[in-house]
Amino acid sequence: MKHAHAIHTSTTPFDGVIGDTVTLDFDHRRRRRLKLETDKGTAFLLDLPELKTLRDGDILLLEDGSAIGVLARNEPVADIRCKDLAHLVRVAWHLGNRHLPTELMGDRLRIRQDHVIEKMATQLGATVTRLEGPFNPEGGAYGHGETEGHSHGHHHG
């Protein structure tokens, strides 16, 4: 079985050939070691030295020199739209205060569907639309680019 041992991030140009893709939801893109199957049916082992969140457009580098593109699978998400930028910042603050993985999409915020959080956003005056779409939440500063796990000098309780 082939092993994917490194990631070429989507933020830099890639000169190689991408021979296949793997389409994963957010949970399956946040792994260190996992048996996967490409979209064409080839099994391989994701075998990274440490936990990483794969982003839509990243490229997995295999030990044999081949490359597999990473695609974000559509999953149940909710888009939150606000009346203006100040309102968007206010709602984003409330989501961040709950350490909720959130995708910043310029004119809106995207979260995983969660009826409690959606109700909170509606009560704050936002419009919430449920849909199926890719989810690429912002990495947290204290999690060193990851969306979970942080240590920043205070306790939550």
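Everything numeric in this text was worked out from a predicted model, so none of it was measured.

**Remarks on the confidence of the model for the protein**
And step 1. Summary statistics for the protein give a mean pLDDT of 90 and a share of 89% for residues scoring 70 or more.
And step 2. Within the model, the stretch residues 147-157 combines pLDDT values under 50 with 17 contacts to residues more than four positions away or in other chains.

**Brief notes about helix 1 (residues 85-97)**
And step 1. In a regular helix each residue adds 1.5 Å, so 13 residues correspond to 18 Å; helix 1 covers 18 Å between its end C-alpha atoms and thus fits that length.
And step 2. When helix 1 is considered as a whole, its buried residues turn out to be His87, Leu88, Val91, His94 and Leu95. Mapping the buried residues of helix 1 onto a view down its axis gives an arc of 125°, with all of them on the same face. Facing away from the buried side of helix 1 by more than 90 degrees, the exposed set consists of Leu85, Ala86, Val89 and Trp93.
And step 3. Residues of helix 1 that are buried in the fold lie against strand 7 (75-81), strand 9 (108-112) and helix 2 (115-123).

**Details of the sheet that holds strand 9**
And step 1. Strand order in this open sheet of 4 strands is 8-9-7-10, and the pairing throughout is antiparallel. A strand with exactly one partner marks an edge of an open sheet, and here the two such strands are strand 8 (103-104) and strand 10 (127-133).
And step 2. Alignment of strand 7 against strand 10, held across 7 bridges, turns out to be antiparallel. Bridge assignment links Ile80 to a residue of strand 10, and that residue is Val128.
And step 3. Packing of helix 1 onto the sheet brings it into contact with strand 7 and strand 9, and relative to strand 9 it is tilted by some 25°.
And step 4. Running at roughly 145° to strand 10, helix 2 makes contact with strand 7, strand 9 and strand 10 of the sheet.

**Thoughts on the side chain of His8**
And step 1. Looking at where His8 falls in the secondary structure, it is placed in strand 1 (residues 2-8).
And step 2. Of the polar contacts made by the side chain of His8, one reaches the backbone oxygen of Thr12; its length is 3.1 Å.
And step 3. Only 3.0 Å separates the side chain of His8 from the backbone oxygen of Pro13, close enough to count as a polar contact.
And step 4. In contact with His8, not counting residues within four places along its chain, are Pro13, Phe14, Asp58, Ile59 and Leu61.

**Focus on the pairing of strand 4 (residues 43-53)**
And step 1. In the sheet, strand 1 pairs with strand 4 via 3 bridges, with the strands oriented parallel. From the neighbouring strand, His3 faces strand 4, where its bridge partner is Leu45.
And step 2. Sheet topology places strand 3 (residues 30-37) next to strand 4; 7 bridges connect them, and they run antiparallel. Bridging across to strand 4, Arg33 finds its partner in Asp47.

**Comments concerning helix 2**
And step 1. If you check which residues of helix 2 are buried, you get Ile117, Glu118, Met120 and Ala121. Projected down its long axis, helix 2 shows its buried positions confined to an angular sector of 160°, all on one face. In helix 2, the exposed residues that point more than 90 degrees away from the buried face are His115, Val116, Lys119 and Gln123.
And step 2. Elements that come into contact with the buried residues of helix 2 comprise strand 7, helix 1, strand 9 and strand 10.
And step 3. Where helix 2 starts, the residue carrying a side-chain oxygen 3.0 Å from the main-chain nitrogen of Val116 turns out to be Asp114.
And step 4. Just beyond helix 2, the residue with positive phi is Gly125, at close to 95°.

Calculation rules
Residues numbered from 1 in each chain as written. Predicted model: local features only at pLDDT ≥ 70, side-chain atom pairs only at ≥ 80, totals over all residues. Heavy atoms only, no water. pLDDT = per-residue confidence, 0-100. Contact = heavy atoms within 4.5 Å. Helix = DSSP H or I, 4+ residues; strand = E, 2+ residues; numbered from the N terminus. Expected span 1.5 Å × (residues − 1). Buried < 20%, exposed > 50% of the residue type's maximum accessible area, 1.4 Å probe, protein only. Arc of directions from axis to C-beta. Pairing = 2+ DSSP bridges. Axes fitted to C-alpha atoms, helices over the stretch in contact; angles between N-to-C directions. Polar contact = N/O pair within 3.5 Å; in protein donor to acceptor, adjacent residues only side chain to side chain.

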